Amino acid sequence: MKAALLSLQDHVCELLNTIDACQVFFDITVNFDLTKNYLDLVVTYTNLMMLLSRIEERKAIIGLYNYAHEMTHGASDREYPRLGQMIVDYENPLKKMMEEFVPHGKSLSDALISLQMVYPRRNLSADQWRNAQLLSLISAPSTMLNPAQSDTMPCEYLSLDAMEKWIVFGFILCHAVLSTDAAALSLWKLALQSSTCLCLFRDEVFHIHKACEDLFVNIRGYNKRINDIRECKEQALSHAGSMHRERRKFLRSALKELATVLADQPGLLGPKALFVFMALSFARDEIIWLLRHADNIQKKSTDDFIDKHIAELIFYMEELRAHVRKYGPVMQRYYVQYLSGFDAVVLNELVQNLSVCPEDESIIMSSFVNTMTSLSVKQVEDGDVFDFRGMRLDWFRLQAYTSVSKASLGLVDHKELGKMMNTIIFHTKMVDSLVEMLVETSDLSIFCFYSRAFEKMFQQCLELPSQSRHSICFPLLCTHFMSCTHELCPEERHHIGDRSLSLCNMFLDEMAKQARNLITDICTEQCTLSDQLLPKHCAKTISQAVNKKSKKATGKKGEPEREKPGVESMRKNRLLVTNLDKLHTALSELCFSINYVPNMVVWEHTFTPREYLTSHLEIRFTKSIVGMTMYNQATQEIAKPSELLTSVRAYMTVLQSIENYVTIDITRVFNNVLLQQTQHLDSHGEPTITSLYTNWYLETLLRQVSNGHIAYFPAMKAFVNLPTENELTFNAEEYSDISEMRSLSELLGPYGMKFLSESLMWHISSQVAELKKLVVDNVEVLTQMRTSFDKPEHMAALFKKLSSVDSVLKRMTIIGVILSFRSLAQEALRDVLSCHIPFLVSSVEDFKDHIPRETDMKVAMNVYELSSAAGLPCEIDPALVVALSSQKSGHCNNIHCLAKAVNQIAAALFTIHKGSIEDRLKEFLALASSSLLKIGQETDKMTTRNRESVYLLLDMIVQESPFLTMDLLESCFPYVLLRNAYHAVYKQSISANA
């Protein structure tokens, strides 16, 4: 590093001395490249020395370096004394360089004074720009197709920031000319009035007024200069902020107009390319000025340095950049024809008219003409790659040849040639260097080093609804960051690249969060409106209508009439803006930004803004669905399925409307979220509505059924609360009737309902396990009863030996209750699927109904499993078979559920144990009928208690069974007993109700 620094100093000094010796002519409007590079060299050298002086421990660092060199090589670095002397000499770098540049004053001042035709024209007020209708394509429609021309083409988009650095630093180094040349003084004062600080490197700044005053205070006769500096400082502090604010305001409207016109008529990019690059350069300069000064405010009032509309200006810059990249071939086609059809002809005439043209210069000029003449539109159409770098380098060399004092062909005498060549060079850049031109005129990678200000601007943009549509410009700016890296410093690529990625990710994530929050607020409003349409809210309206007359008759003042749903849509005044209107407006603005680009590439990483929104919508939709269940584990409260379904549909309606704003696949969001809700846990391991509702129905509703607080009524197809001392906190009918079960099926879907069935079957299997224990305890007695069903007296004696008969009855009743609830759930699922997929359901049903009896049981079970998943009733319940095979060892009392339990348990068990279901159930019917006929002959009241009800239970078992028939029942049990039993139970119920 130290060798490079000393080498650079040597080469710069040698080059500056050579330039002075050759008495080179500098004029930014003629030999633009030579003058610009000369001024850049001086300023870069000055900035480097100033940055060196700002390293706090520079003496210690080079001392440690020399000590390490001694330890490694056994001797000091031979350049160490010289480097040390340079550090000491440049302790006050500007003062030292003012002495150094005394011999170079003439060349430097000539180059700077040539800016007098360029800098003042660029440094105008917004009002002057507005009066001149600067950058407007439509101010003069008749000239819209005319090419934008200027004698100083490259100066039109030259950076104002760069010119101010040239002027300020340049005239500090050759300050003597300020006292002798009025033009130099005018330029210097104008630059001092425009800014309070300049950029040295990235976020390192130079406070110009204080530094200049400190330098000039010790120079005799410079009191007038010091007064000029103080006046300029006051002017800068009081007026520069407002002047730049007005410029930004003008540029916002000018760039918007330019971008809009070019979007509609991209062909204008050909003739008006200069306007585009001028607009980009002007806007870039104003943004950088604001960024630099906002971070280094020197006045109490900060209003001029806070621009809440800065995002709009950056956005239109990005729009213009996008137009240039998109329609590059249009510009190439135009300028290829321009170069070959006009520029080559004019340049050839100029060369022919030269009085003196040495051979070398003539060869170069001829090569220019030949290169341009050989161009054709076909090259553009064929996609040929153009490269005019050699031609531009030749022109740079030619400027050096012709700008020395003893040149045979002097540019100072042929300024028209220089101006024409500058125009041609601009035209060549429009063909092969559009990307480089965009970087030169609109690179904003400086934001990489002002992260805090960058993030603050972004937050201000999101907070202002009218600006949120431009928020995409902040992630787009992250694509600029890599342009501030350099091949000579590759190690910082990763650091800057990582910063660009993290900022881009943060911006897109915040935009998606903001959109998600707006969507959530809209969904909340829509859910509230949908809730007003629920049937439960109409009771009050009906009550008011019924009582309306009576209240009028009594003369009492009735309750205020409740607003009906839909009132919010009746507008008496279009100016009235509701909260929902504001939310929709804000959302449409932000979604415009998210939808602005399909993707962007930042440091070889592709970002898709819409995917951020999709991801956030999925997460929020998942949380919202679970939240809308309003499940309270402590009180066991949960939303009714129909109410949750209404809210979910309202939510989905809002989400579907997002497709009007952003090109995203909302169906994919629905599929991802709703399918996860049909499982026990979602992808994040959180409980779903399936697990919440399954848990509630099992642990709350069905547990209260077992406790005798709720009963199942088949005629109503619902569970109903029974009058008890301790009233339940919920009404069972409101959660279990057919409409609620259908809503539950809509929400959980076939997968969720299958999980519910499996959970129910697990409870049944636990009851069957207990029943098996009871069977084992009574196995001997039951075996004897099986062979003695035709011996009534012996059967009666054996029955009395059975233990835990009540426990068997209770457990079978619990199983029946669970199966009855499952039957409701399956029926609801079938109804729902029949609406959604009627043809598929009918195909499954047809398949099930026509399966042959002799079909292998494994095949039959597959068919039953398919049918059960569609909610169809099956002869054998596959879920129950699976639950029981995994074991390896009405009326107020719900006794009517026993019939379903007997049939389904028997079918499942005999399927597992490979028995004939029909034969085993016939055997059960013979045993049961024999026992019941024996009861008919008993006279003991306790034995004959509820005899008629038990007869009816036998009838229900046969009716429920797909394997038993009424003919079979009548063969072993007289139907007259059943008829009498129905009559007796009916009379008993009438008397009980009376």
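Residues numbered from 1 in each chain as written. Predicted model: local features only at pLDDT ≥ 70, side-chain atom pairs only at ≥ 80, totals over all residues. Heavy atoms only, no water.

Naming follows an unreviewed UniProt entry, where the chain appears as Nck-associated protein 1 of Gadus morhua. You can read under Sequence similarities (unreviewed entry) in the UniProt record for the chain the words "Belongs to the HEM-1/HEM-2 family." (UniProt positions renumbered as here; feature names shortened; annotations may be inferred.)

1. Notes on the environment of Tyr-222
In this fold, Tyr-222 is placed in the loop between α13 (208–216) and α14 (223–264). Classification of Tyr-222 as buried rests on a relative accessible area of 8%. Separated by 43 residues in sequence, Tyr-222 and Ser-179 have C-alpha atoms that sit 9.0 Å apart. The contacts of Tyr-222, once residues within four sequence positions are left out, are His-175, Ala-176, Ser-179 and Phe-216. (Helix = DSSP H or I, 4+ residues; strand = E, 2+ residues; numbered from the N terminus. Buried < 20%, exposed > 50% of the residue type's maximum accessible area, 1.4 Å probe, protein only. Contact = heavy atoms within 4.5 Å.)

2. A look at the packing of helix α6 (residues 105–113) against helix α10 (residues 160–173)
Where α6 contacts α10, the axes come no closer than 10 Å and their chain directions differ by 150°. Judged on the interaxial angle alone, α10 and α6 are roughly antiparallel. In the crossing of α6 with α10, the sense of the turn from one axis to the other is left-handed. Residues Leu-108, Leu-112 and Ile-113 of α6 form the contact with α10, whose own contacting residues are Trp-166, Ile-167, Gly-170, Phe-171 and Leu-173. (Axes fitted to C-alpha atoms, helices over the stretch in contact; angles between N-to-C directions. Parallel < 35°, antiparallel > 145°, perpendicular 65-115°, else oblique. Left-handed = near helix turned anticlockwise from the far one by under 90°.)

3. With respect to the side chain of Asp-304
Relative to the helices and strands, Asp-304 resides in the loop between α15 (273–294) and α16 (310–326). The exposure class of Asp-304 is buried, given its relative accessible area of 11%. Contact partners of Asp-304, with chain neighbours within four places excluded, come to Gly-241, Ser-242, Arg-245, Arg-248, Leu-290 and Lys-299.

4. Re helix α20 (residues 389–403)
Taking 1.5 Å per residue, 15 residues should reach 21 Å; α20 reaches 21 Å between its end C-alpha atoms and fits that length. Along α20, the residues that are buried comprise Met-391, Arg-392, Trp-395, Leu-398, Gln-399, Thr-402 and Ser-403. Here the buried residues of α20 occupy an arc of 115° about the axis, which is enough to place them on one side. Buried residues belonging to α20 abut α2 (32–53), α18 (359–373) and α21 (415–432). (Expected span 1.5 Å × (residues − 1). Arc of directions from axis to C-beta.)

5. Thoughts on the pairing of strand β1 (residues 197–201)
Within β1, 4 of the 5 residues are buried, leaving the element largely enclosed by the surrounding structure. Here β1 runs beside strand β2 (residues 204–207); their pairing, made up of 4 bridges, is antiparallel. The residue bridging Leu-198 from the neighbouring strand is Phe-206, located in β2. The antiparallel pairing of β1 with β2 creates a hairpin that spans 2 residues between the two strands, and Arg-202 there sits at a positive phi of about 55°. (Pairing = 2+ DSSP bridges.)

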